[in-house]
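Results of the structural survey
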Amino acid sequence: MDRLDAMSLFVATVEAGSLSAAARRAGVPLATVSRKLSVLETHLKTRLLNRSARRLTLTDAGQSYLAACRRILEEVSEAERAAAGEYSSPTGELVITAPVVFGRLHVLPVVTAFLAAYPDVDIRLTLSDRITQLVEEHIDLAVRIGELPDSAMVAMRVGSIRRVVCAGPAYLAERGTPLELRDLAGHDCVTFEGLAAPATWSFVSGNRETAVPVRSRLQVNTAEAAIDAAIAGLGLTKVLSYQVDAAVRAGALRVVLEPFEPPPWPVNLVHTGQGLLPVKLRAFLDFAAPRLKERLAQSL
């Protein structure tokens with residue numbers, strides 16, 4: 001039995017959620033996956049998985065063995081990368097994830113410049129607004145917006161972004177510019193469910209967080225749609241500053257109620273920081289951090 005192959009297949013089965021999904025992912029017959037897992041359980045003299053018609057569940061022994069397999073496979077992968085020279089010169093593939101709009105506006109230009117400077121490094125950039133799991137999903141680096149939970153991850157702060165309220169000049173000319181939080185009661189709003197609750201917006205007044213009811217004329221599920229509606233004159237909207245930076249600079253939107261904005265959210269580059277960092281990751285951090293800091297410093 002190839003023990004590393006069996007370990008990899010076991011981990012793949014757990015992550016895929018079924019034997020058939022693991023077989024498709026590995027490109028082998030379902031019978032092969034089932035047989036190799038059975039041989040592994042026989043070798044270990046314990047059951048790792050409880051199999052039912054609908055799903056797989058880990059036994060207690062399977063839980064601890066899964067953690068050990070992941071650690072061992074990562075150490076083997078690290079040893080292979082070291083032997084291949086990945087720790088002596090920037091080479092290989094980097095897997096990076098970032099929020100969709102921030103990634104397109106700020107991360108992608110930096111990645112493009114990095115690739116031009118480091119021809120032996122390839123990058124797989126995934127833009128997604130969900131919180132990814134770096135170790136489980138084999139991601140080298142994540143761009144995170146917002147306060148970070150306590151974890152073993154290493155974070156490098158590159159700036160901050162504001163949560164701003166804005167509207168089109170034509171709307172403000174017709175309905176007036178809100179100067180106090182109570183003025184929101186007389187305004188139409190475009191709400192974006194990904195940033196705040198549709199019925200209330202959060203502000204800071206007198207060093208205290210205040211939830212202010214708003215009248216949502218339109219509720220959308222993307223920041224881009226909320227911004228387009230605000231530019232069209234439908235009402236006020238609340239989004240992240242980098243999302244409206246270009247529109248504000250072009251005069252298509254104006255920021256209001258700035259004295260009541262909540263504290264800015266930090267922007268961090270996050271990685272696992274476990275062991276010796278590959279030179280490709282160290283090179284990207286050194287290259288990207290100052291450039292992202294400069295870009296964020298120049299934005300709203």
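Residues numbered from 1 in each chain as written. Predicted model: local features only at pLDDT ≥ 70, side-chain atom pairs only at ≥ 80, totals over all residues. Heavy atoms only, no water.

1. Some points on the sheet that holds strand β7 (residues 163–167)
The test is simple: A pair of strands is labelled paired if DSSP reports no fewer than 2 bridges between them. Numbering of helices and strands runs from the N terminus; a helix is a DSSP stretch of H or I covering at least four residues, while a strand is a stretch of E covering at least two. Note on geometry: axes are C-alpha line fits, over the in-contact stretch for helices, and angles between N-to-C directions span 0 to 180 degrees. Two residues qualify as a contact provided that any one of their heavy atoms is within 4.5 Å of a heavy atom in the partner residue.
The strand order β11-β8-β12-β7-β13 describes an open sheet built from 5 strands, whose pairing is mixed. Of all strands in the sheet, those bounded by a partner on one side alone are β11 (215–220) and β13 (254–256). Each strand of the sheet is rotated relative to its neighbour by a mean of 40°, with strand direction disregarded. Where β7 and β13 come together, 3 bridges link them in antiparallel fashion. Paired with V165 across the two strands is V256, which belongs to β13. Here helix α7 (residues 223–231) sits on the sheet in contact with β7, β8 (188–192), β11 and β12 (236–240), set at roughly 145° to β12.

2. Brief notes about the layout of surface pockets
For clarity, the cut-off: Only protein atoms enter the 1 Å grid, on which a cavity is a set of points fitting a 1.4 Å probe that cannot get out and a pocket is an open set with protein on both sides within 12 Å along at least 5 of 7 lines, lining residues being those with an atom within 4 Å of a point. Grid points are joined across faces, edges and corners, and a volume is the space filled by probe spheres set on the points. Polarity classes work like this: nonpolar for Ala, Val, Leu, Ile, Met, Phe, Trp, Tyr, Cys and Pro, charged for Asp, Glu, Lys and Arg, and polar for all others, with Gly in that last group.
Size it by volume and the second largest pocket reaches roughly 470 Å³. P99, D129, I145, L240 and Y242 are, among the 24 residues lining the second largest pocket, the residues nearest its centre. Secondary-structure elements contributing two or more residues to the lining of the second largest pocket are β3 (92–98), α5 (100–117), β5 (141–145), α7 and α8 (241–249). The leading source of residues in the lining of the second largest pocket is β5, at 3 residues. Here the lining of the second largest pocket is composed, by residue class, of 13 nonpolar, 7 polar and 4 charged.

3. Re helix α9 (residues 279–298)
Applied cut-off: Helices are assigned an expected span. That span is 1.5 Å times one less than the residue count. Bend at a given residue is defined as the angle between two axes, one fitted to the seven residues that end at that position and one fitted to the seven that begin there. Throughout, exposure labels follow a simple rule: accessible area from a 1.4 Å probe, protein chains only, divided by the maximum for the residue type, with under 20% read as buried, over 50% as exposed, and the rest as partly exposed.
Relative to the 28 Å expected for 20 residues at 1.5 Å per residue, α9 spans 29 Å between its end C-alpha atoms, a close match to the ideal helical length. The largest bend along α9 reaches roughly 25° and is located at A288, with the proline P290 sitting one to four residues downstream. Those residues of α9 not exposed but buried are K280, L281, A283, F284, L285, F287, A288, A289, L292 and L296. The inward-facing, buried residues of α9 abut β3, α5, β4 (121–127), β5, β6 (154–161) and β14 (265–271).

4. Considering the environment of S34
On the secondary structure map, S34 appears in helix α3 (residues 30–44). Remark: the alpha-carbon pair of S34 and S20, spanning 14 residues in sequence, is separated by 9.1 Å.

5. As for the nonpolar core
Rule in force here: Residues enter a nonpolar core if they are buried and are Ala, Val, Leu, Ile, Met, Phe, Trp, Tyr or Cys, with the set joined through side-chain atoms within 4.5 Å.
Core analysis: the largest hydrophobic core is formed by 29 residues, its most contacted members being F114, I123, L269 and F284. When residues of this core are assigned to their parent elements, the largest contribution, 9 residues, is made by α9. For L269, the contacting residues outside a window of four places in its chain are L141, A142, V143, V154, A155, M156, V158, L285, A289 and L292. If you look at the next biggest cluster of nonpolar residues, it comprises 16 residues, including A6, A23, V33 and L56.

6. Quick word on α5
Between its first and last C-alpha atoms α5 spans 24 Å; for 18 residues at 1.5 Å apiece the expected length is 26 Å, and the two agree. When the local axis directions of α5 are compared, the greatest deviation, roughly 45°, occurs at V107, which is followed within four positions by the proline P109. If you check which residues of α5 are buried, you get V101, F102, G103, H106, V107, V110, V111 and F114.

7. As for the packing of α5 against α9
Geometry of a packed helix pair, given as the angle between the helix axes and the separation of the axes. This is how the line gets drawn: Angles below 35 degrees are treated as roughly parallel, those above 145 as roughly antiparallel, those between 65 and 115 as roughly perpendicular, and all remaining angles as oblique. The hand of a helix crossing depends on one turn: near helix anticlockwise from the far one by less than a right angle means left-handed, and clockwise means right-handed.
Closest axis-to-axis distance for the α5/α9 pair is 10 Å, and the angle between their directions is 135°. Between α5 and α9, the crossing angle belongs to the class labelled oblique. The chirality of how α5 crosses α9 is right-handed. Judged by residue contacts, F102, L105, H106, P109, V110, V111, A113, F114 and A117 of α5 engage K280, A283, F284, F287, A288, R291, L292, R295 and L296 from α9.

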